[in-house]
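This is what each chain is made of:
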Amino acid sequence: MSLVGIREPRILRDLTTWTSTLDTVLTGRVQALLGLTRSDYDVQVRCYGDNAILGDLEADRRPPREVGVLTTVRAATQATANSIAKIANPLLLHLPLPGMDHLPSFAFATSPAEIDRGAVYEFVLNHTVAVDKPDELFRTEHSEVGHA
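Residues numbered from 1 in each chain as written. Predicted model: local features only at pLDDT ≥ 70, side-chain atom pairs only at ≥ 80, totals over all residues. Heavy atoms only, no water.

Caption draft 1: Examining the overall build of the protein more closely. A tally of helices and strands in the protein yields three helices and four strands. Ordered by position from N to C terminus, the α and β elements of the protein give β-α-α-β-β-α-β. Computed over C-alpha atoms, the radius of gyration of the protein comes to 21 Å, more than 25% over the 15 Å expected from 2.2 N^0.38 for 148 residues, which places it beyond the range of a compact globule. Viewed in the frame of its principal axes, the protein has a C-alpha envelope of about 70 × 35 × 30 Å. Buried residues in the protein amount to 28% of all 148 residues. Counted over contacts in the protein with a minimum sequence separation of 6, partners at least 24 positions apart contribute 71%. Counting every atom, the protein has about 10500 Å² of accessible surface; 53% of that belongs to carbon and sulfur. Of the charged side chains in the protein, 14 are positive and 19 negative; the average position of the first set lies 7 Å away from that of the second. (Helix = DSSP H or I, 4+ residues; strand = E, 2+ residues; numbered from the N terminus. Rg over C-alpha atoms; globule rule 2.2 N^0.38 Å. Buried < 20%, exposed > 50% of the residue type's maximum accessible area, 1.4 Å probe, protein only. Contact = heavy atoms within 4.5 Å. Areas by Shrake-Rupley, 256 points an atom, 1.4 Å probe, with all protein chains shown as cover. Lys, Arg positive; Asp, Glu negative; His and termini not counted. Charge placed at Lys NZ, Arg CZ, Asp CG, Glu CD.)

Here's what the structure looks like:
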């Protein structure tokens with residue numbers, strides 16, 4: 001996991017393109033350096049301060065003044081996840097938008113930039129119950145309260 005802060009106005013005006021570019025460049029570098037394909041690992045990027053919680057449901061999408069970009073990497077081993085996070089580090093520090101003529105600088109929240117999270121577990125619902133009404137599995141009690 002890595003956390004970087006971005007205040008570069010041009011990046012913030014086109015954050016979707018920046019995150020898409022990050023994904024494309026990182027995927028290419030991981031393939032070239034580690035020989036891994038996207039089916040071998042997972043990278044998630046959440047831009048806190050812009051669209052990280054509600055996603056496309058957010059109605060007000062004006063450019064934020066700053067965002068915290070949380071990048072998480074999952075892989076079969078911690079060593080592989082660490083290697084991918086280290087490949088991502090220079091991108092998270094200086095990745096320009098396509099067409100930019102300079103390298104922007106962003107700020108990592110920690111040093112070293114990547115933080116080991118250890119094993120990650122995924123919740124899976126193993127049992128389902130067919131119901132006729134959505135509330136039939138829930139007990140509802142009504143009580144009348146009189147005036148004191």
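Caption draft 2: View of helix H2 (residues 15-34). With 20 residues, H2 extends 27 Å between its outermost C-alpha atoms, agreeing within 8% with the 28 Å of an ideal straight helix rising 1.5 Å per residue. Against the buried residues of H2 lie strand S1 (2-6), helix H1 (9-13), strand S2 (41-48), strand S3 (67-75) and helix H3 (78-94). Following H2 by one or two positions, Gly35 adopts a phi angle in the positive range, close to 70°. (Expected span 1.5 Å × (residues − 1).)

Caption draft 3: Structural detail: the pattern of salt bridges. All chains considered together, the criterion is met by five salt bridges. The salt bridge involving Glu66 is made with Arg7; its shortest N-O contact spans 2.7 Å. Highlighted residues: Glu66 in the loop between S2 and S3 and Arg7 in the loop between S1 and H1, separated in sequence by 59 residues. When its relative accessible area of 43% is taken as the criterion, Glu66 is described as partly exposed. Note that Lys86 is salt-bridged to Glu114, the shortest N-O span being 2.8 Å. Taken as a pair, Lys86 in helix H3 and Glu114 in the segment after strand S4 (107-108) lie far apart in primary sequence, 28 residues in all. The class of Lys86 is partly exposed, set by a relative accessible area of 48%. A residue is classified by how much of its surface remains accessible, and Glu114, at 12% relative accessible area, is buried. (Salt bridge = Lys/Arg side-chain N within 4 Å of Asp/Glu carboxyl O.)

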